[in-house]
Structure formats: C-alpha cells, structure tokens
Amino acid sequence: MAEAHAVKRTGSTLDLRPVLTILGFLICGTGVLMIVPAMFDLATGSGSEAFEVAAAVALGLGVMLITANRGCGPLTTLRQTYLLTFLAWLLVPGVAALPLVFSSLQMTFTDAFFETMSGMTTTGSTVLIGLDELAPSVLLWRGLLQWVGGLGIIVMAIAIMPLLRSGGMQLFHAESSDRSDKPLARVSQLAFSLCAVYFGLTVVCAFAYRLAGMTWFDAAVHSMTTLSTGGYSNHDASFGYFASASIDWIAIVFMLAGAVPFLLILRAARGDGASLVHDQQVRIMLLVALLTAAALAVPLVAQRDIPIDQAVREAAFNVTSILTTTGFASTDYGTWGPFATATFFYLMFIGGCTGSTSGAIKIFRFQVLYIVLSSYTLHRFTPHLVISRTYGDKPLSQDVAEGVMAFLALYFATVGLIAVVLGALGLDWLTALSGAVQAVGNIGPGLGEAIGPAGNFAGLPDGAKWALVAGMLSGRLELFTVLVVLTPSFWK
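Treat the numbers as computed from the prediction; the structure is a model and nothing was measured. (Residues numbered from 1 in each chain as written. Predicted model: local features only at pLDDT ≥ 70, side-chain atom pairs only at ≥ 80, totals over all residues. Heavy atoms only, no water.)

**Remarks on the environment of L256**
Selection criterion: Secondary structure is summarised from DSSP: a helix means a run of H or I of at least four residues, a strand means a run of E of at least two, and numbering begins at the N terminus for each. Exposure is judged per residue with a 1.4 Å probe applied to protein chains only, and the accessible area is read against the type maximum: over 50% gives exposed, under 20% gives buried, and values in between give partly exposed. Throughout, a contact is declared for two residues whenever any of their heavy atoms are within 4.5 Å.
You can see L256 is positioned in helix 12 (residues 245–258). Residue classification places L256 among the buried positions, given a relative accessible area of 17%. When the C-alpha positions of L256 and T487 are compared, they lie 36 Å apart, and in sequence the two are 231 residues distant. In this view, L256 contacts M285, L286, T320 and T324; residues no more than four positions away in its chain are not counted.

Below, the structure written as structure tokens:
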C-alpha cells in the first residue's frame, strides 16, 4: 500500500520530453561554444576542421532533440530535475569530447571523454602528454570546458541543488543563503549576478597574469582554469613552467577566490564586505591553508636548504591548490617526503566552501560533523541535558545534520569502492587510493609516480579511466543525485 501511494503521489510515468528539450538546448550551446576554438584554428591557419565538424554534429543533435519534443511543458517534478541534472553532466562532456576524437590527436573516445569529463567537473586530471606542443585550439577548448563547468557548478548549486534537498543539498539554507536572505529576489537574477561576478573575476585574473609576465593566451586560459578551480594548464610542468613568484602568488589569491562562496563575493561587491570577512567557512579555510603551508615550509627550509621565501611560496601554492581542489603544481611535491605526502592526502578530503567551484567534502560539512560529534559526546555523560545545536546564530536542523552524516558515509563508501576497483585493475595501493580520492573530490593530481603532480593518467587501463570518470561525475553531483537516478524504484 505504501508503494502504491508513492506511485500515485509522484506519478506513474516519467515525462522525458521536457528533459530532452533542455538537453537539446545544452548540446546546442556546446556546439556554439566549439565555434570559438574553430575560429582560433581559422585565424592561426592550422588547417584543422575538427571543431567545425564537431560543432555541426552537436548542433544537429541538439536541434533534433528540440524539434522532436517541441510543444512540451516545463519541468514539473523532482524526478525530472534529478534526471536532467544527471544526464546534462553525462551527455554534454560526451559531446564535448568529439573535437578531440576528430582532431589530429586521434584520441580514443575513452581518453577524450575522460579529458572532457575531467574538464567540465573541474577535476583537472589529464591523459594528454606534450601540452606545450598541442594546438592552441585544443588548449583553449580545455580551458573553456573548465570555465563553463565552474560556471555551471555555481548556477547548479544556487538554482538546482537546493531543490533536490538530498544528502546536504539543503546546506545553502543553513548557510543564511535561503531565498529570504538572498540579495536579489529571483533565483534567475541571482544566477545572472553570480555569473557576472565570475566573469569579472576571470577578467581581473587574466590581466593580473598578463602583467606578471604570462602571454595573453596563457593568461586567458589559466585565468579560466584558476577561477573554476579546475587546474588545466597549457604546459606539462603546470605553473612550474613560469618559474615566477608573482604569478604563483596571483594564482594563490584567485584559487582561494574560486573556493569562497560566490554568494559572499556577490554581497561584498554590493557593499557587504563584512559577510565575507566574518564567514566561518572562509575563516577556517584560510586558517587551514596558513597552518598547513607553514608546517610544510619548515622542513623544506630545514632539510632541503630551500630559501625561506621560495619554501613559503611553494608550500603555500601547492597547499592552496590541493585544498581548493584546483590541481595546479609549481613543483613535484611528491618528492617532499612522507610527511608531505600524508599531509596532501588529508588535504584532498577537505576542499573549499560550499557555494564555490571547489570539490571534495567542503568545510561546512566538517563544521557540521564537529557540532554533531560534540553534542553527541556531551550527551554521553550528561544524558538529561537539553543540547541546542547551532551553526553561527541559526539552529542546525536535524534534516541538515542527517543529510551531512549520510553524505559523509556515502562519500567514503564511494571512495573505497572505486579504490577497490582500481586495485583490481592492477594499480598499486597508493595510486588506487589517491586516484579514487582525487576523482570523487574533483581534485586533479593524485599521489605516487603514475598520477602524482609529475605524472599523468594516460598510462592507466581503460577500465580504470571509466572508474575514475564515474567518480568525477558522482563527486560533482554531490553523490546522491547519481544514487537516486540509478535506484530501480526511481524508474517505476
């Protein structure tokens, strides 16, 4: 009877037409975006037609979906929203992979899909070798994918995720960012304002990089991959290629900006800078970055005879990169010793703030975990005491606490499952475990020689790449979206 009642309440059939229509527009948008690197190829006289052909295929497919489902109504159910969110982040990277397949790189679809999924989820893992010799259009495409992916993450976090209210999706309500507190009344206006802030910060970052010595092309691409906390670089040596202290410090500032809640940046831009300065998440993130960088800089000076200014800069850069899940590298920190390896491993779980482009578990969930554990421990020896859970000056609801606990359980279970799969495919334990953590956390480099900061994912077997793709997608969609869509009862 309970099952029958649920079917009656949610509807016995799932109307796919609105979902397919929106997917058609998204695919068309991907095709239009391909025109940018296509024009770049034309301007540079490369003679490649990969982006033109891929754009034609994408536009044709998108128009077919729109035409076949014309006249349908808007999204009306939560099931449609779940399915749209899942399919959009699955199909758009698939279409975005076509230029890489059609190009002179002659990438397999597995490698191309890995690259574009990593790009759009702002993970930053790459299978491409010899980045310094790649066609500029391919490098630009990778940067655009990460920039658009970061933009999509912000819009999804503000406009879609709170509606799903699963496994911590409702965190924004607990962070004083519910509708009553938003600086603009309509979600669409809010999303537009956030996009404007994102674009503006990207432009400022690009000019800063250029003034610090980057070429205009490097500055444009790296600004997109910095604000999106994506981590794609135009060079195999990543930021080590530039060997510039000023460029490194600029990157640190804008990586942190990408990991800050964009709602707070918007409020600061509208005159409410105090909300950014006093936010608990931001303070803790900066404190973790500062203390960890200091802890790693000391042995660099004492044991490796690195000058203090260089040690502080390298520690700060790479700690910020991993903490914000960006994935840039200024040096091979895998050679810093066991203490550094263990430290970076733990940083891979933390991430930045909710409402930002960063991945991993995020500061807010650790704050909630601390509140729950503290109240639970206190209740053990004072069982009759009435304990009030609060976050800041607002009560922490049981719904949010349970959602965070469920998210953490699923997060570690997903990491463990993917690590086991990678181990079964022949990867050593460090590569398997760090690969799973970086994929689900959307971080980029793992640990060890194979996929560490000086390594690459090209040598992994195809099965391992698909397992990592699953981890990237799951982590970007906050796990529960994927779990819900793959549940058999969802389709009944």
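**A few points about the layout of surface pockets**
Let me state the cut-off plainly: Only protein atoms enter the 1 Å grid used here, on which a cavity is any set of points holding a 1.4 Å probe that cannot leave and a pocket is any open set flanked by protein within 12 Å on both sides along at least five of seven lines; residues with an atom within 4 Å of a point are listed as lining. Grid points are joined across faces, edges and corners, and a volume is the space filled by probe spheres set on the points. Each residue gets one of three labels, nonpolar for Ala, Val, Leu, Ile, Met, Phe, Trp, Tyr, Cys and Pro, charged for Asp, Glu, Lys and Arg, and polar for the others, Gly among them.
One number sums up the size of the largest pocket: a volume of about 620 Å³. Lining the largest pocket are 23 residues, with L26, A88, W89, V148 and G152 positioned closest to its centre. Elements with a minimum of two residues in the lining of the largest pocket: helix 2 (17–33), helix 5 (78–96) and helix 8 (136–164). Considering every element that reaches the lining of the largest pocket, the biggest residue donor is helix 8, with 10 residues. Here the lining of the largest pocket is composed, by residue class, of 18 nonpolar, 5 polar and no charged.

**A look at helix 18 (residues 363–381)**
Inclusion rule: To estimate how far a helix should reach, multiply one less than its number of residues by 1.5 Å.
Its 19 residues place the ends of helix 18 28 Å apart at the C-alpha level, agreeing with the 27 Å of an ideal helix rising 1.5 Å per residue. Within the span of helix 18, buried status applies to I363, F364, R365, Q367, V368, I371, V372 and S375.

**Observations concerning the confidence of the model for the protein**
Rules: As a per-residue measure, pLDDT tells how confident the predictor is, with possible values from 0 to 100.
On average, the protein scores 87 in pLDDT, and the residues at 70 or more come to 91%. A low-confidence stretch, residues 1–11 (pLDDT under 50), is modelled with 4 contacts involving residues beyond four sequence positions or located in other chains.

**With respect to the packing of helix 12 against helix 16 (residues 308–323)**
Defined as follows: In this description, a line fitted to the C-alpha atoms serves as the axis of each element, helices being fitted only across the stretch in contact, and the angle between N-to-C directions of two axes falls anywhere from 0 to 180 degrees. Each angle receives one of four descriptions, namely roughly parallel if under 35 degrees, roughly antiparallel if over 145, roughly perpendicular if within 65 to 115, and oblique otherwise. Helix crossings are classified by the rotation of the near helix relative to the far one: an anticlockwise turn of less than a right angle makes the crossing left-handed, while a clockwise turn makes it right-handed.
Where helix 12 meets helix 16, the closest approach of the two axes is 10 Å, and the angle between their N-to-C directions is 30°. The orientation of helix 12 with respect to helix 16, classified from their angle, is roughly parallel. In this structure, helix 12 crosses over helix 16, and the sense of that crossing is left-handed. Along its contact with helix 12, which presents A245, D248, W249, A251, I252, M255 and L256, the element helix 16 presents V312, R313, A316, F317, T320 and S321. Within the contact of helix 12 with helix 16, the residues separate by chemical class into 9 nonpolar, 2 polar and 2 charged.

**Things to note about the pattern of salt bridges**
The test is simple: For salt bridges, the criterion is a side-chain nitrogen of Lys or Arg within 4 Å of an Asp or Glu carboxyl oxygen.
With the rule as written, the count across this model stands at 6 salt bridges. The partner of R142 in a salt bridge is E115, with the nearest N and O atoms 3.0 Å apart. Placement of the pair is R142 in helix 8 and E115 in helix 7 (residues 109–120), with a sequence separation of 27 residues. Just as R142 is buried, E115 falls in that class too. Between R313 and D248 there is a salt bridge, and its shortest N-O distance comes to 2.7 Å. Note that R313 is positioned in helix 16 and D248 in helix 12, a separation of 65 residues in sequence. Neither R313 nor D248 differs from the other in exposure class; each is buried.

**Some points on a nonpolar patch on the surface**
So the rule is basically this: Each patch is built from salt-bridge-free residues with over 30% relative accessible area, joining like charges within 9 Å and nonpolar side chains (Val, Leu, Ile, Met, Phe, Trp, Tyr) within 5 Å. All accessible-area figures derive from a Shrake-Rupley calculation using a 1.4 Å probe, and residue coverage is judged against the displayed protein chains alone.
Together, F199, V203, F207 and W216 make up a nonpolar patch on the protein surface, roughly 420 Å² of accessible area in all. No other element matches helix 10 (residues 187–212), which puts 3 residues into the nonpolar patch. Mapping F199 onto the fold places it in helix 10. By relative accessible area, F199 is classed as partly exposed at 49%.

**Considerations on unusual backbone geometry**
Not every positive phi belongs to a glycine, and D305 is a case in point at roughly 55°. Looking at D305, the relative accessible area reads 68%, which means it is exposed. For K362, which is not a glycine, the phi torsion comes out positive at approximately 85°. Assignment of secondary structure puts K362 in the loop between helix 17 (338–350) and helix 18. By relative accessible area, K362 is classed as buried at 5%.

**A closer look at the nonpolar core**
The test is simple: Here, nonpolar core means buried Ala, Val, Leu, Ile, Met, Phe, Trp, Tyr and Cys residues that are tied together by side-chain atoms lying within 4.5 Å of each other.
With 142 residues, the main nonpolar core has Y209, F239, F262, F344 and Y411 as its most contacted residues. Aside from chain neighbours lying at most four places away, what touches F344 is L296, N318, V319, I322, Y333, W336 and L447.

**What to know about the side chain of Q146**
Checked against the element boundaries, Q146 lands in helix 8. With relative accessibility at 0%, the residue Q146 sits in the buried group. Once residues lying within four places of it in the same chain are set aside, the contact partners of Q146 are S118, G119, T122, T123, G124, Y198, T225, S228, G230, G231 and Y232.

**A closer look at the environment of V138**
The residue V138 is located in helix 8 in this model. The class of V138 is buried, set by a relative accessible area of 5%. Here the alpha-carbon distance between V138 and A50, two residues 88 residues apart in the chain, equals 9.9 Å. Non-local contacts of V138, meaning those with residues more than four positions away in its chain, are made with F51, L100 and L105.

**Examining the packing of aromatic side chains**
Which entries qualify depends on this criterion: In summary, the pairing rule links any two rings of Phe, Tyr or Trp, Trp by its six-membered ring, whose centres are within 6.5 Å, and it sorts them by plane angle into stacked for under 30 degrees, edge-to-face for over 60 and tilted for everything else. Whether a charge sits over a ring comes down to the Lys NZ or Arg CZ being within 6 Å of the ring centre and within 35 degrees of the ring normal.
If you walk through the whole model with that rule in mind, you get 23 aromatic pairs. The interplanar angle of 40° and the centroid separation of 5.7 Å between the aromatic rings of F114 and F457 together place this pair among those described as tilted. You can see F114 sitting in helix 7 and its partner F457 sitting in the loop between helix 20 (429–440) and helix 21 (462–476), a full 343 residues away along the chain. By the burial criterion, F114 is buried, and F457 matches it. Note on Y209 and F239: the rings are 6.0 Å apart at their centroids and 55° apart in plane angle, and the pair reads as tilted. Highlighted residues: Y209 in helix 10 and F239 in the loop between helix 11 (216–227) and helix 12, separated in sequence by 30 residues. The buried category is assigned to F239, whose relative accessible area is 1%. One aromatic cluster is present, built from ring pairs that chain together Y209, F239, Y241, F242, F317 and F328. Across from the ring centre of F490, 5.5 Å away, lies the NZ or CZ of R79, which sits over that ring.

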